[in-house]
Amino acid sequence: MELNPNILKILNKRGIYKEEDIEEFLSDKPQKTYDPFLLHDMEAGVDLILSAIENDDKICIYGDYDTDGVTSVALLRDVLREIGANVSYYIPSRFDEGYGLNNSALDRIKSAGTDLVITVDCGCTSVEEVEYVKKLGMEILITDHHSIRDEIPDCLIIDPQHPDCNYPFKYLAGVGVAFKLAQALVEVTGISKSILTRNLDLVGIGTVGDIVPLIDENRTLAKYGLRAINITERPGLRALIEKTGLNMGSIKSKNLSFVIVPHINAAGRMEDATLAARLMQERDSKKAAEMADRIIECNTRRRSVQEELVKESEDILRSEGHSADSVKTGSHHIFVQLNDAHEGVIGIVAGRLKEKYKVPAIIVTSIEDGLYKGTGRSPDGINLFSLLNSHSDLFIRFGGHAAACGFTIEGSRLGELRTILEKETEGLFLNNPQLFNQKPKPEIYIEPDSVSLEFVHMQDKIEPFGKNNPRPMVGIDFKDLSYTRIGQDGKFIRIDGILPNGEILKCLDFRNPDKTEEKVSNYINEGSSAGPITCIGFLESQEWNGREYIQLNLEGLDY
């Protein structure tokens, strides 16, 4: 394959140099996948499941309320039913139970006659809950993909992050681990591999949705998953695709990230994630359409509540002296206390504030009996989980990862939390100020005369985009440009950069138009002595009146 030189530069910058590695990375049929039995406890886990099926034991799949958990539940239930299991599933409430195993849920599962619990996308830190499972007389198999702490539950654990696991790839999503278990079950039982093929759509959604690195085996799973999504016969997924205005046959990773996944997550955020799990398993088209309508309504409510909470949070921040687009001098984090805010949405709000102000953002809201639930998000390079985990005695419950955390805390200790955040973020700032003012950085600079539809189309070969394989951010230098406000009431801004062939490259900013206008206006006023200005963003193709053209979605300017 003859590659555009700029595409080759991008691959090289991402550590892909060898011809065979480039071919594998760009292939429509990637081969990078591994033997499921390389996962620790896989053989014993398969034996446990098949023994339970042979004994006609009742199996309950215990999942999580996000997209990764929902798709894992739907996939594993389909496979277990195919091999004759008596299987149900349980997804805890985000509001009443929270993430992971809990004893009240286990009581209900036991009372339903369950003999074996199989977790998906959770369980690897549930030391006490696993002991409770055994006390109740049930067996348990954990499948998870999260990091395991110092104490390991005393049971079978299939998790690539397990310290005794030698699996070649450590970053599978929860649905990826569930799929490897499904592969192992298919191999041992000899049932048709079509059961795996028909569930690849779920694997693609869960893998992209959980923001795991889209490299190595995840890239293989996501690619085949996207292909499966575009031809899926799953009534629930087809209904969701059609009702959200997407087109079968042209679904890309961005459609999953910004449309499908938020809708699936909205069920658990606003009502009950079981609704999304049912949608993914429903075989009746009419019922699937009704469920899809309900999930779309959940997402509409989620967006409305989210916008209200963002506005309320920003009003609080302004009252504390923060400006419209930056934190006040000397502050290196955001802490917002809301009363009775919707728990299912505060994580998204924290993420929005983090994106806008470029600092770690924590939101807490009152729940009951003097307790507060909190959630945090942080920019790249700032490990919020590690920062707060060193003060874990503050919290009743605490969990998360580098970019996000969640916790429950007594209201009387909120002052301590504020003090710790101020001290810790101040220390990080003094050590590395750039962590708190991260500007968009182009992956490559493209000469204006190299801007072409060929490059834009060939970017699709790098799909699926996601963590560790982002859409290429480019920088393009211009000396001759103009700008205008566009949209209702001039809400956005468009910069017209003149290319060497005289054509115009439209650069649109939908995020920070006021700041962009100030910067480009200053540049134009300075005249030619200012040198070139760099427009930084993502190139994509657009169509208007049957004509295809290139557009740059602007992330920033530099000169």
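Residues numbered from 1 in each chain as written. Predicted model: local features only at pLDDT ≥ 70, side-chain atom pairs only at ≥ 80, totals over all residues. Heavy atoms only, no water.

> Quick question: what am I supposed to make of the overall build of the chain here?
Of regular secondary structure, the chain possesses 19 helices and 17 strands. Its C-alpha radius of gyration of 25 Å places the chain within 12% of the 24 Å reference for a compact globule of 559 residues. Seen through its principal axes, the chain has C-alpha atoms that stretch 80 × 60 × 45 Å. Looking at the chain residue by residue over its 559 residues, the buried ones come to 52%. Only carbon and sulfur atoms are counted for the fraction: they give 46% of the accessible area of the chain, which is about 25,600 Å². One finds the centroid of the 63 positive side-chain charges in the chain at a distance of 4 Å from the centroid of its 88 negative side-chain charges. (Helix = DSSP H or I, 4+ residues; strand = E, 2+ residues; numbered from the N terminus. Rg over C-alpha atoms; globule rule 2.2 N^0.38 Å. Buried < 20%, exposed > 50% of the residue type's maximum accessible area, 1.4 Å probe, protein only. Areas by Shrake-Rupley, 256 points an atom, 1.4 Å probe, with all protein chains shown as cover. Lys, Arg positive; Asp, Glu negative; His and termini not counted. Charge placed at Lys NZ, Arg CZ, Asp CG, Glu CD.)

> Help me out: how do you make sense of the environment of Gly 347 in this one?
Residue placement: Gly 347 occurs in helix α15 (residues 346–357). When the C-alpha atoms of Gly 347 and Ser 93 are compared, they prove to be 16 Å apart, with 254 residues separating the residues in sequence. Sequence-distant contacts of Gly 347, that is, excluding residues within four places in its chain, are made with Thr 375 and Arg 377. (Contact = heavy atoms within 4.5 Å.)

> Explanation requested: the nonpolar core in the structure shown.
When a protein is soluble and globular, its nonpolar side chains tend to lie buried together. The biggest cluster of nonpolar side chains holds 77 residues, and the ones touching the most others in it are Ile 49, Ile 59, Leu 75, Leu 80 and Ile 260. The leading source of residues in this core is helix α7 (residues 174–189), at nine residues. With near-sequence residues (within four places) excluded, Leu 80 lies in contact with Ile 49, Ile 59, Ile 61, Ala 85, Val 87, Ile 118 and Leu 185. Listed in part, the 33 residues of the second largest apolar core include Ile 10, Ile 16, Ile 533 and Leu 552. (Core = buried A, V, L, I, M, F, W, Y, C linked by side-chain atoms within 4.5 Å.)

> Help me out: how do you make sense of the packing of aromatic side chains in this one?
If you walk through the whole model with that rule in mind, you get nine aromatic pairs. Three or more aromatic residues link up through ring pairs in this structure, and these residues are Phe 385, Phe 395, Phe 398 and Phe 407. If you follow Arg 219 out to its NZ or CZ, it ends over the ring of Phe 25, 3.6 Å from the centre. Above the face of the Tyr 549 ring, Lys 506 is positioned so that its terminal group lies 5.2 Å from the ring centre. (Phe/Tyr/Trp six-rings, centres within 6.5 Å; stacked < 30°, edge-to-face > 60°. Lys NZ or Arg CZ within 6 Å of the ring centre and 35° of its normal.)

> When you look at the pairing of strand β9 (residues 397–401) in this model, what are you seeing that I'm missing?
Look at any regular strand and the pattern is simple: side chains alternate between the two faces of the sheet. Here β9 runs beside strand β10 (residues 404–410); their pairing, made up of five bridges, is antiparallel. Looking at β10, one finds that Phe 398 is bridged to Phe 407. Linking β9 back to β10 in an antiparallel pair, the connection comprises two residues. (Pairing = 2+ DSSP bridges.)

> It is not clear to me how helix α9 (residues 200–209) should be interpreted in this structure. Could you clarify?
One full turn of an α-helix is made of 3.6 residues, so residues set three or four places apart face in the same direction. Of all ten residues in α9, ten are buried; the element is thus mostly enclosed. Considered for burial, the residues of α9 that qualify are Leu 200, Asp 201, Leu 202, Val 203, Gly 204, Ile 205, Gly 206, Thr 207, Val 208 and Gly 209. The first or second residue beyond α9 is Ile 211, which carries a positive phi of 55°.

> What is the right way to look at the packing of helix α3 (residues 42–54) against α7 in this model?
When two helices pack together, their arrangement is given by the angle between the helix axes and the distance between those axes. Contact geometry for α3 and α7: axes closest at 10 Å, N-to-C directions at 65°. By the angle between their directions, the pair α3 and α7 is classed as roughly perpendicular. Once α3 is placed against α7, the crossing between them reads as right-handed. On the side of α3, the interface is formed by Met 42, Val 46, Ile 49 and Leu 50, while α7 contributes Lys 180, Leu 181, Ala 184, Leu 185, Val 188 and Thr 189. (Axes fitted to C-alpha atoms, helices over the stretch in contact; angles between N-to-C directions. Parallel < 35°, antiparallel > 145°, perpendicular 65-115°, else oblique. Left-handed = near helix turned anticlockwise from the far one by under 90°.)

> Explanation requested: unusual backbone geometry in the structure shown.
Most peptide bonds are trans, and most residues other than glycine sit at a negative phi. Of the consecutive residues Glu 463 and Pro 464, the connecting peptide bond is found in the cis state with omega at 0°. You will see that Lys 358, though not glycine, has its phi angle at about 65°, which is positive. Within the secondary structure, Lys 358 sits in the loop between α15 and β7 (361–366). Even without being glycine, Asp 369 reaches a positive phi, approximately 50°. Along the chain, the position of Asp 369 falls in the loop between β7 and β8 (371–377).

> How do you make sense of the pattern of salt bridges when you look at a structure like this?
Close approach of charged atoms allows side chains with opposite charge to pair. Under the criterion given, the structure shown has 27 salt bridges. We note a salt bridge from Asp 293 to Lys 243, for which the minimum N-O separation is 3.0 Å. In this pair, Asp 293 is assigned in helix α14 (residues 285–319) and Lys 243 in helix α11 (residues 235–243), connecting sequence segments 50 residues apart. Taking relative accessible area as the criterion, Asp 293 reaches 41% and is therefore assigned partly exposed. Arg 294 is the salt-bridge partner of Glu 271, the closest N and O atoms lying 2.8 Å from each other. Taken as a pair, Glu 271 in the loop between α12 (253–270) and α13 (273–281) and Arg 294 in helix α14 lie far apart in primary sequence, 23 residues in all. Under the relative-accessibility criterion, Arg 294 is labelled partly exposed at 40%. Taken together, the shared-partner salt bridges in this structure form one network comprising Asp 78, Glu 82, Arg 198 and Arg 283. (Salt bridge = Lys/Arg side-chain N within 4 Å of Asp/Glu carboxyl O.)

> Would you mind going over the layout of surface pockets with me for this structure?
The probe, sized like a water molecule, is rolled over the atoms to show the empty space still left. Estimated volume of the second largest pocket: approximately 480 Å³. Around the second largest pocket, the lining comprises 21 residues; the ones closest to its centre are Asp 78, Arg 198, Asn 199, Asp 201 and Arg 234. Those elements that provide at least two residues to the lining of the second largest pocket are α4 (67–82), α9, α10 (216–230) and α13. The leading source of residues in the lining of the second largest pocket is α4, at four residues. Considering only residue class, the lining of the second largest pocket consists of seven nonpolar, four polar and ten charged. (1 Å grid on protein atoms, 1.4 Å probe; cavity = no way out; pocket = protein on both sides within 12 Å on 5 of 7 lines; lining within 4 Å. Points joined across faces, edges and corners; volume = space filled by probe spheres on them. Nonpolar A, V, L, I, M, F, W, Y, C, P; charged D, E, K, R; others polar.)

That's the geometry; what it means functionally is another story.
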